[in-house]
Amino acid sequence: MRVLGFESSCDETGVALVELPAPGETGVPRLLAQALHSQISMHQAYGGVVPELASRDHIRRVLPLSREVLSQAQLGLQDIDVIAYTEGPGLAGALLVGAGVAVSLAAALGKPAVGVHHLEGHLLSPFLSADPPEFPFVALLVSGGHTQLMRVDEVGQYEILGETIDDAAGEAFDKSAKLLGLPYPGGPHLSKLAEQGRADAFELPRPLLHSGKPDFSFAGLKTAVLTQLKKLGEAPTETQRADLAASTQAAIVEVLVKKSLMALKDTGLKRLVVAGGVGANASLRAQLNAACAKRGVRVHYPELSLCTDNGAMIAMAAAMRLQRGMARLSHAGGFGVRPRWDLSAA
């Protein structure tokens, strides 16, 4: 069985094709082909995502990317069995593009369609890696406006252990980067600047670090960065900016690492999965790897190319639900999107 997946929740248009093992065979679904277009260059002039522009660009990209994926796989539309799409959460207009194309295509082909939770796609994306995890595990989900720790016993069996009470880690990276005058998207630029700085140059807060609970709070960190910049005056040197970037990254990473270790200890599990855009951060990976190695914990990440939004994770999430008979298949041709959608309700 082959699943064609569409992702269009924000500023990436992704299409991918995943194949399930043949009946009677075991193993995880495998990625046959994928194509992705990022809108970063288009939104940079505005310093952030413009929803209307994002939706229009998805419309332009989705069909050419679909043809590219089928060409890579050397397959035709008649070889597709199920069509998956991101149902939510995300930008309403952007979600409607992917959902509309997916459901219309499914209706035209007489195939079923299935809506997928965007965060479940991120959560299961490490199963596409060369070192896929095994259930159960603790997951650190750090994607855009989401920072959560959860216990994952199986597909669809998610228990929230802790989450952010205000800003997410990705927002802390992006907002701090904007204060430092770095271009959009800020997180990767801040991490690059941090390579030139000292992580101990500025004393920044680690909110809720010693709360005894695996919850997060990063709003105060942005305020602390702003305060430090005001102290440095109107024209901080490049060294000062690099030091502040490094200190900011160090604060975020320390909180993420300590809270992850707390969740592992509380659950007694020995496997950690890290997913989402912030999961590509080199400092976070290095510190998690070192800390978990000391405790005999295995850490799994998606491939770097799959940390950002992509169609492969949507097709994979749908395929893993199909494998277990859990997918909510639609044959009627109607559809809707959920800009706000709790993962526990997926």
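Owing to the predicted nature of the structure, the values given are computational and were not obtained by experimental measurement.

*Asks:* Summarise the packing of helix α2 (residues 51-73) against helix α3 (residues 92-109); cite the residues concerned and give the values.
*Replies:* Two elements in contact, α2 and α3, have axes separated by 8 Å at closest approach and are oriented at 25°. Judged by the angle between their axes, α2 and α3 are roughly parallel. Crossing geometry of α2 relative to α3 is assigned as right-handed. Across the interface between the two elements, Ser-55, His-58, Ile-59, Val-62 and Leu-63 from α2 touch Gly-93, Ala-94, Val-97 and Val-101 from α3. Grouping the constituent residues of the contact of α2 with α3 by class yields 6 nonpolar, 3 polar and no charged.

*Asks:* Which residues make up the nonpolar core, and what are the values?
*Replies:* Counting residues in each nonpolar core, the largest one holds 46 residues, and the members touching the most others are Leu-140, Phe-218, Leu-256 and Leu-272. Elements supplying a minimum of two residues to this core: β6 (137-143), α5 (169-179), α6 (186-194), α7 (219-232), α8 (238-267), β9 (271-275) and α9 (282-294). For this core, the element with the most residues is α8, which contributes 13 residues. Setting aside anything within four residues of it in sequence, one finds Leu-272 in contact with Val-138, Leu-140, Ser-260, Leu-264, Leu-288, Cys-292, Val-297, Arg-298, Val-299 and His-300. In terms of nonpolar packing, the next biggest core, distinct from the first, is built from 35 residues, Val-18, Val-116, Val-152 and Ala-318 among them.

*Asks:* Quick one: what's the story with unusual backbone geometry, residue by residue and with numbers?
*Replies:* The step from Phe-135 to Pro-136 runs through a cis peptide bond, and the omega angle for that step is -5°. The topology assignment puts Pro-136 in the loop between α4 (118-124) and β6. In this structure, the amide linkage connecting Tyr-184 to the following residue, Pro-185, adopts the cis form with an omega of -5°. A positive phi angle is found at Gln-74, which is not glycine, with a value near 55°. Assignment of secondary structure puts Gln-74 in the loop between α2 and β4 (82-88).

*Asks:* Tell me about the UniProt feature "binding site: substrate" (unreviewed entry) in the protein, residues and numbers included.
*Replies:* Under the UniProt annotation, the feature "binding site: substrate" (unreviewed entry) is placed at Leu-141, Val-142, Ser-143, Gly-144, Gly-145, Asp-174, Gly-187 and Asn-281. Within the secondary structure, Gly-144 is located in the loop between β6 and β7 (146-154). Beyond its immediate stretch of four places on either side in the chain, Gly-144 contacts Ala-168, Gly-170 and Glu-171. Following the sequence through the fold, Asn-281 ends up in the loop between β9 and α9. Setting aside residues no more than four positions away along its own chain, Asn-281 makes contact with Phe-173, Ser-191, Gln-249 and Val-253.

*Asks:* Before we move on, could you go through the packing of aromatic side chains and cite the residues and values that matter?
*Replies:* In this structure the tally under the stated criterion is 4 aromatic pairs. A ring pair is formed by Phe-216 and Phe-218, whose centres lie 6.2 Å apart and whose planes are at 15°; its orientation type is stacked. Neither residue differs from the other here; Phe-216 and Phe-218 are each classed as buried. Pairwise contacts between aromatic rings join Phe-127, Phe-135 and Phe-137 into one cluster. Positioned above the aromatic ring of Trp-341 is the side chain of Arg-338, whose terminal nitrogen or guanidinium carbon lies 4.2 Å from the ring centre.

*Asks:* Please provide a residue-by-residue account of the sheet that holds strand β8 (residues 157-163), values included.
*Replies:* Spatially, the 5 strands line up as an open sheet ordered β8-β7-β6-β9-β10, and their pairing is mixed. Every other strand in the sheet has two partners, leaving β8 and β10 (298-300) as the edge strands with one partner each. Strand-to-strand twist of the sheet, defined as the mean angle between neighbouring strand axes without regard to direction, takes the value 25°. This element, α8, spans β6, β7, β8 and β9 of the sheet and lies at about 155° to β6.

*Asks:* Describe in detail the sheet that holds strand β5 (residues 113-117), supporting the description with residues and values.
*Replies:* Here we have 5 strands laid out as an open sheet, ordered β3-β2-β1-β4-β5, and mixed in their pairing. Edge positions in the open sheet fall to β3 (30-38) and β5, since each of these has one partner strand only. Strand after strand, the sheet turns through a mean of 20° between neighbouring axes, direction not considered. Here β4 runs beside β5; their pairing, made up of 5 bridges, is parallel.

Cut-off values and rules
- Residues numbered from 1 in each chain as written.
- Predicted model: local features only at pLDDT ≥ 70, side-chain atom pairs only at ≥ 80, totals over all residues.
- Heavy atoms only, no water.
- Axes fitted to C-alpha atoms, helices over the stretch in contact; angles between N-to-C directions.
- Helix = DSSP H or I, 4+ residues; strand = E, 2+ residues; numbered from the N terminus.
- Parallel < 35°, antiparallel > 145°, perpendicular 65-115°, else oblique.
- Left-handed = near helix turned anticlockwise from the far one by under 90°.
- Contact = heavy atoms within 4.5 Å.
- Nonpolar A, V, L, I, M, F, W, Y, C, P; charged D, E, K, R; others polar.
- Core = buried A, V, L, I, M, F, W, Y, C linked by side-chain atoms within 4.5 Å.
- Buried < 20%, exposed > 50% of the residue type's maximum accessible area, 1.4 Å probe, protein only.
- UniProt positions renumbered as here; feature names shortened; annotations may be inferred.
- Phe/Tyr/Trp six-rings, centres within 6.5 Å; stacked < 30°, edge-to-face > 60°.
- Lys NZ or Arg CZ within 6 Å of the ring centre and 35° of its normal.
- Pairing = 2+ DSSP bridges.

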